[in-house]
Amino acid sequence: MEIARQFVQRHRAIINPGGPALLLLTMIIVFTAINPRFLSWINLFNLMRQSSILLIVATGITFVILMGAIDLSVGAIVTLVAISSAVLIRDFGFSAAAILFAASVIGALCGLFNAILVLRLRIPSFVATLSTMTIIGGISTWISGGVNVFFRSPDLTWVASGAMIGRIPNSGILALLIFAVASFIGARSHFGRSLFAIGGGGVTARLSGIDVLRTKAIAFVASGMLCGIAGLLLVARTSTGTARMGDDLLLQAIAAVVMGGTALSGGSGGVHRTLIGVLVIAVLQNGLNIAGVHTYIQIMVTGLIVILAVTVTLDRSRLAFIK
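Below is a summary of the structure that appears in this document. Quick caveat: nothing in here was measured; it's all calculated off a predicted structure.

Considerations on the overall build of the protein
And step 1. Secondary structure assignment for the protein yields 14 helices and 4 strands.
And step 2. Residues counted as buried form 50% of the 323 residues belonging to the protein.
And step 3. The long-range share in the protein, meaning contacts at least 24 apart out of those at least 6 apart in sequence, stands at 79%.
And step 4. For the protein, the exposed surface amounts to about 15,100 Å²; the carbon and sulfur share of it is 70%.

Right, dumping it as structure tokens:
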């Protein structure tokens, strides 16, 4: 184990960017050998549809992780928005455009609440968002009354499950557009550069003239808003809002971010790297499904990947900066 750790540390510059891509290629080869249908167009489009929601959530949480914080409430926000959207459509007849706006606002407000807890009350992000996760989960159950919420919206169903360009899923195109915009913001904007500086050291960033509080607040709000969009897409697929329907996304999103090369200690990586991590998780789950592996084993395998990814990407010399 010690030899493996030393090897990783010595070749970190090569492993961090190239490791996930090599793992992805290996999985594609293995799953194709197990079942040739894995590379069929039907399965590839299905893979794109399945990974779209995870890509949106992982893109949002990448902003938070880049500054050395964490948001454990992303899955709960997805569930809250999904159930709230179902209720608003069923009971108040919201149109597709109106519900998209409402979902974004609800998600952004949840992110703003996290920002207030972390920045104004100075509660560590881990504790604050863990508490928020519980609170939002309770609100979701209260809104739904503990039962499934059914609704009908052909326009939303088409956005989530239809195809406007050939057979390419609309949800996949939307997710890629969001990812492209977020990647540009993260790499080229003042906001994106500020996140890296804060992740590298909050005090240094403040002395450099960066508005640390505002930047952190924007990151939490952006994460919440993207979770809102993801929640709407998730519920639109089945036209049914259910309790805890977004819970699995928390582990998957964190796994995708760290697998893509963004360190939990902050200050390194980037939104543009998250796509490869999402593909690793999506291909793993899709391939295990095709191979007939039980769901519980899939969850355990995903957990092991999180451990592996953190082990490889975490810079232990900067543990003091994890907030």
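A word on the pattern of salt bridges
Two side chains with opposite charge may pair up if their charged atoms get near one another.
And step 1. The full count for this structure, using the stated rule, is 2 salt bridges.
And step 2. Of the charged contacts, one joins Asp91 and Arg90 as a salt bridge, the two residues approaching to 2.8 Å between their closest N and O atoms.
And step 3. Here Asp91 falls in the partly exposed class, since its relative accessible area comes to 44%.
And step 4. Note that Arg244 and Asp247 form a salt bridge whose closest N and O atoms lie 2.9 Å from each other.

Let's talk about the side chain of Asp71
And step 1. Position of Asp71 relative to the elements: it lies in the loop between helix 3 (41-66) and helix 4 (74-92).
And step 2. One buried charged residue, Asp71, forms no salt bridge at all, with the nearest opposite charge on Lys216 at 14 Å.
And step 3. Among the polar contacts listed, one links the side chain of Asp71 to the side chain of Ser73, at a separation of 2.6 Å.
And step 4. Separated by 3.4 Å, the side chains of Asp71 and Ser223 make a polar contact.
And step 5. Beyond its immediate stretch of four places on either side in the chain, Asp71 contacts Ile61, Val64, Asn114, Thr129, Phe220, Ser223 and Leu250.

Overview of the environment of Phe220
And step 1. Inspection of the secondary structure assignment puts Phe220 in helix 11 (residues 212-238).
And step 2. Looking at Phe220, the relative accessible area reads 0%, which means it is buried.
And step 3. Taking the C-alpha atoms as reference points, Phe220 and Leu112, 108 residues apart in sequence, are found 6.5 Å from one another.

Digging into the nonpolar core
And step 1. In terms of nonpolar packing, the biggest core is built from 86 residues, with Ile56, Val57, Phe63 and Met67 touching the most fellow members.
And step 2. With sequence-adjacent residues up to four places away left out, Val57 is seen in contact with Val74, Val78, Cys227, Ala230, Leu249 and Ala253.

With respect to helix 8 (residues 170-188)
And step 1. Here helix 8 is 19 residues long and its end C-alpha atoms lie 27 Å apart, about the 27 Å a rise of 1.5 Å per residue gives.
And step 2. Those residues of helix 8 lying buried are Asn170, Ser171, Gly172, Ala175, Ile178, Phe179, Ala182, Ser183 and Gly186.

Section: the packing of aromatic side chains
And step 1. Throughout the structure, instances matching the rule amount to 3 aromatic pairs.
And step 2. Between the aromatic rings of Phe31 and Phe38, the centroid separation amounts to 5.7 Å while the plane-to-plane angle is 45°, which identifies the pairing as tilted. With respect to class, Phe31 is no different from Phe38; both count as buried.

Regarding the side chain of Ser144
And step 1. Inspection of the secondary structure puts Ser144 in helix 6 (residues 125-144).
And step 2. In this structure the side chain of Ser144 is engaged in a polar contact, spanning 3.2 Å, whose partner is the backbone nitrogen of Gly146.
And step 3. Among all residues touching Ser144, those that are not within four sequence positions of it are Ile83 and Val149.

Some details on helix 5 (residues 96-120)
And step 1. For helix 5, built from 25 residues, the straight-helix expectation of 36 Å at 1.5 Å per residue is met to within 8% by its first-to-last C-alpha distance of 35 Å.
And step 2. The first or second residue beyond helix 5 is Arg122, which carries a positive phi of 55°.

Observations regarding unusual backbone geometry
Comment: phi is negative for the bulk of residues other than glycine, and the bulk of peptide bonds are trans.
And step 1. At Arg122, a position not held by glycine, the phi torsion is positive, near 55°.
And step 2. You can see Arg122 is positioned in the loop between helix 5 and helix 6.
And step 3. A positive phi angle, close to 65°, is found at Arg244, a residue other than glycine.
And step 4. Inspection of the secondary structure assignment puts Arg244 in the loop between strand 4 (240-241) and helix 12 (248-260).

Some words on the packing of helix 4 against helix 6
And step 1. As a packed pair, helix 4 and helix 6 sit with axes 9 Å apart at the nearest point and diverge in direction by 20°. Between helix 4 and helix 6, the angle falls in the class roughly parallel. Here helix 4 and helix 6 pass one another in a crossing that is left-handed. When helix 4 is examined against helix 6, the residues Ala76, Ile77, Thr79, Leu80, Ile83, Ser84 and Val87 are found in contact with a partner set consisting of Met133, Ile136, Gly137, Ile139, Ser140, Ile143 and Ser144.

Focus on the packing of helix 3 against helix 12
And step 1. At a closest axis distance of 9 Å, the pairing of helix 3 and helix 12 adopts a crossing angle of 65°. Crossing geometry of helix 3 relative to helix 12 is assigned as right-handed. Residue-level inspection shows Ile53, Leu54, Val57, Ala58, Ile61, Thr62 and Ile65 of helix 3 in contact with helix 12, the latter providing Leu249, Gln252, Ala253, Ile254, Ala256 and Val257.
And step 2. Residues of the contact of helix 3 with helix 12, tallied by class, amount to 11 nonpolar, 2 polar and no charged.

Some details on a nonpolar patch on the surface
And step 1. A surface patch of nonpolar side chains, amounting to about 460 Å² of accessible area, comprises Phe101, Val105, Leu109, Leu112 and Ile116.
And step 2. In this structure Leu109 comes out as exposed when scored by relative accessible area, which is 52%.

Here we look at the environment of Val257
And step 1. Residue placement: Val257 occurs in helix 12.
And step 2. When its relative accessible area of 0% is taken as the criterion, Val257 is described as buried.
And step 3. Residues Val257 and Ile61 lie 196 residues apart in sequence; the distance between their C-alpha atoms is 7.9 Å.
And step 4. Beyond its immediate chain neighbours, meaning those up to four positions away, Val257 contacts Ala58, Ile61, Thr62, Ile65, Thr262 and Thr274.

What counts and how
Residues numbered from 1 in each chain as written. Predicted model: local features only at pLDDT ≥ 70, side-chain atom pairs only at ≥ 80, totals over all residues. Heavy atoms only, no water. Helix = DSSP H or I, 4+ residues; strand = E, 2+ residues; numbered from the N terminus. Buried < 20%, exposed > 50% of the residue type's maximum accessible area, 1.4 Å probe, protein only. Contact = heavy atoms within 4.5 Å. Areas by Shrake-Rupley, 256 points an atom, 1.4 Å probe, with all protein chains shown as cover. Salt bridge = Lys/Arg side-chain N within 4 Å of Asp/Glu carboxyl O. Lys, Arg positive; Asp, Glu negative; His and termini not counted. Polar contact = N/O pair within 3.5 Å; in protein donor to acceptor, adjacent residues only side chain to side chain. Core = buried A, V, L, I, M, F, W, Y, C linked by side-chain atoms within 4.5 Å. Expected span 1.5 Å × (residues − 1). Phe/Tyr/Trp six-rings, centres within 6.5 Å; stacked < 30°, edge-to-face > 60°. Axes fitted to C-alpha atoms, helices over the stretch in contact; angles between N-to-C directions. Parallel < 35°, antiparallel > 145°, perpendicular 65-115°, else oblique. Left-handed = near helix turned anticlockwise from the far one by under 90°. Nonpolar A, V, L, I, M, F, W, Y, C, P; charged D, E, K, R; others polar. Patch = residues over 30% accessible without salt bridge, like charges linked within 9 Å, V, L, I, M, F, W, Y side chains within 5 Å.

Limitation: the analysis is restricted to geometry and does not speak to function.
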